[in-house]
Amino acid sequence: MKFYVFVILACLTLMTCSKDDSSDDSQKLTITGKFLAPNSNDPISGAHVRAYANGEIKSQTTTNPKGEFALPINQGDYNLVINKGKFKVEQNINVDRSVDLDSLVFNTLPNIAVVTGYYDNIESVLYSIGLFDPVSGEPLFDIIEGNQGVSRNSIQHNKHRHHGSLERNTNSNPLLLPNVSYNFGDLMDDPELMATYDIVFLNCGVSDVLESDSGVLENYVSNGGILYATDWASGYLDAITNSGANYITPYVPEKSGTSTSTVATILSEDLDEWLLQNFNISIDETVLIDDFLYSWQVIDSYDPNTAVAWLNGPVTYRDGSNIEISENKDLAFTFLHGDGAVLYSSFHTENNSVEEVTDVERVMQYLVFEMSDIE
């Protein structure tokens, strides 16, 4: 008799557990969607998707290379937050069934400063991903004159070679001119002003007269700022890299690169997938980089323990005896420094049109978002 009672109780217990499990499963729903830049076209991969209730994370995931996500969730009220660093969108949502939010674009962004240069237009890349007021067209970032006291239109340059011709990189968008009253010198003289920016971009061709003050930028990055610099702006990384002893080491003689293009190997599987799945750019994990300044800054080596290399390709450059060398070099790097981060690339942008975005700009766009994500 005791045996039969035990069997009956065991069966009842199993039935109860089964019923409870089924009840839990019925509550498990899904929030799906896609996270995009404000141009409603370019997906943001690796973004954090989190659902909060009473200030606690109840469920989280990340977006795939197409910006898509599927967040498992129970019924209830949540604050949904999707962010890649300080590029963020959030909304309150009641979940009583599975929900498809379709496309979400970020509407909170970092405070960004772009310092102008003669040979680079990162401001065009930011504009092309939708960082502008949809009504006025004004950029949603500050553009700071990088060659103070010098008219950019009055200087003749003969160093920039693109597709076999000598030309200077200019910006065709009249809205992408300096839009604040202070210049780069003022910014370097005012650490409190610089600290108001989450990201500072130094275009190639910014005035080099302030490179001896690179300690200002070291303090900025150490305290949580994100610094982006290309090619000839490498001198402003001197204090951060300890004159090239840390992170990345510039090649000497400086500005000795001679090749103007290369087919570079993409060293990041995530970057390769993002380019391939969204823009059909990557072929055999390579991308054409054709935006080098003639006489560009070669990076001789980097510390793989502290820095990440993103691209590597065959290039040519001159040694101290003016003999040309051909070999593979890494071309773009990111590294953390203090509470902040740095992105440096030996190549840069030549986007002269807001309608056309080149492969190089796509790579830069990805790295901009990647660098902002230093949670």
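Everything below is about the structure shown above.
Below or above, wherever it landed, is the structure these notes cover. (Residues numbered from 1 in each chain as written. Predicted model: local features only at pLDDT ≥ 70, side-chain atom pairs only at ≥ 80, totals over all residues. Heavy atoms only, no water.)

1. What to know about the sheet that holds strand S4 (residues 68–73)
What counts here: Should DSSP find at least two bridges between two strands, the strands are regarded as paired. Elements are defined by DSSP. Helices are runs of H or I of four residues or more, strands are runs of E of two residues or more, and each kind is numbered from the N terminus. Whenever a helix is involved, its axis is fitted only over the stretch in contact; in every case the axis is a line through C-alpha atoms, and angles between N-to-C directions fall within 0 to 180 degrees.
The three strands are arranged S4-S1-S7 in an open sheet whose pairing can be described as mixed. Looking along the sheet, the strands with just one partner apiece sit at the ends: S4 and strand S7 (99–105). Within the sheet, the average angular offset between the axes of one strand and its neighbour, ignoring direction, is 20°. For strand S1 (residues 29–36) and S4, the ladder comprises six bridges, and the chain directions are antiparallel. Across the sheet, residue Lys34 finds its bridge partner in S4, namely Glu68.

2. With respect to the sheet that holds strand S2 (residues 48–53)
With respect to topology, four strands assemble into an open sheet ordered S3-S2-S5-S6, the strand pairing being antiparallel. Two strands in the sheet have a free side with no partner beyond their single neighbour: strand S3 (56–62) and strand S6 (87–95). Across this sheet, the average inter-strand angle for adjacent strands is 20°, counted without regard to direction.

3. With respect to the packing of aromatic side chains
We apply this condition: Geometry of aromatic contacts follows a simple scheme: Phe, Tyr and Trp rings, the Trp one being its six-membered ring, pair when their centres are within 6.5 Å, and the pair is stacked under 30 degrees between planes, edge-to-face over 60, tilted otherwise. Three labels apply to residues, based on accessible area from a 1.4 Å probe with only protein chains included: buried if under 20% of the type maximum, exposed if over 50%, partly exposed otherwise in between.
Across all of its chains, the model carries 17 aromatic pairs by this definition. On the basis of an interplanar angle of 70° and a centroid distance of 5.4 Å, the ring pair of Phe184 and Tyr236 is categorised as edge-to-face. Remark: Tyr236 occurs in the loop between strand S13 (226–230) and helix H6 (238–241) and Phe184 occurs in helix H3 (residues 184–189); sequence separation between them is 52 residues. When its relative accessible area of 0% is taken as the criterion, Phe184 is described as buried. A relative accessible area of 0% means that Tyr236 is categorised as buried. For the ring pair Phe201 and Tyr228, a centre distance of 4.8 Å and an interplane angle of 55° mean the geometry is tilted. Of the two residues, Phe201 sits in strand S12 (residues 199–202) while Tyr228 sits in strand S13, which places them 27 residues apart along the sequence. Taken as a pair, Phe201 and Tyr228 share a single burial class, namely buried. Feature note: the residues Phe35, Phe87, Phe106 and Phe369 constitute an aromatic cluster, connected by ring pairs.

4. What about the pairing of strand S20 (residues 340–345)?
Within S20, six of the six residues are buried, which leaves it mostly tucked inside the rest of the structure. Both S13 and S20 contribute to a ladder of five bridges, which runs parallel. In the strand pairing of S20, Ile226 is matched with Ala341. Examined bridge by bridge, strand S19 (residues 324–337) and S20 share six bridges and lie antiparallel to one another. Following the sheet pairing, His337 is matched in S20 by Gly340. Between S19 and S20, which pair antiparallel in sequence order, lie two residues; one of them, Gly338, sits at a positive phi of approximately 60°.

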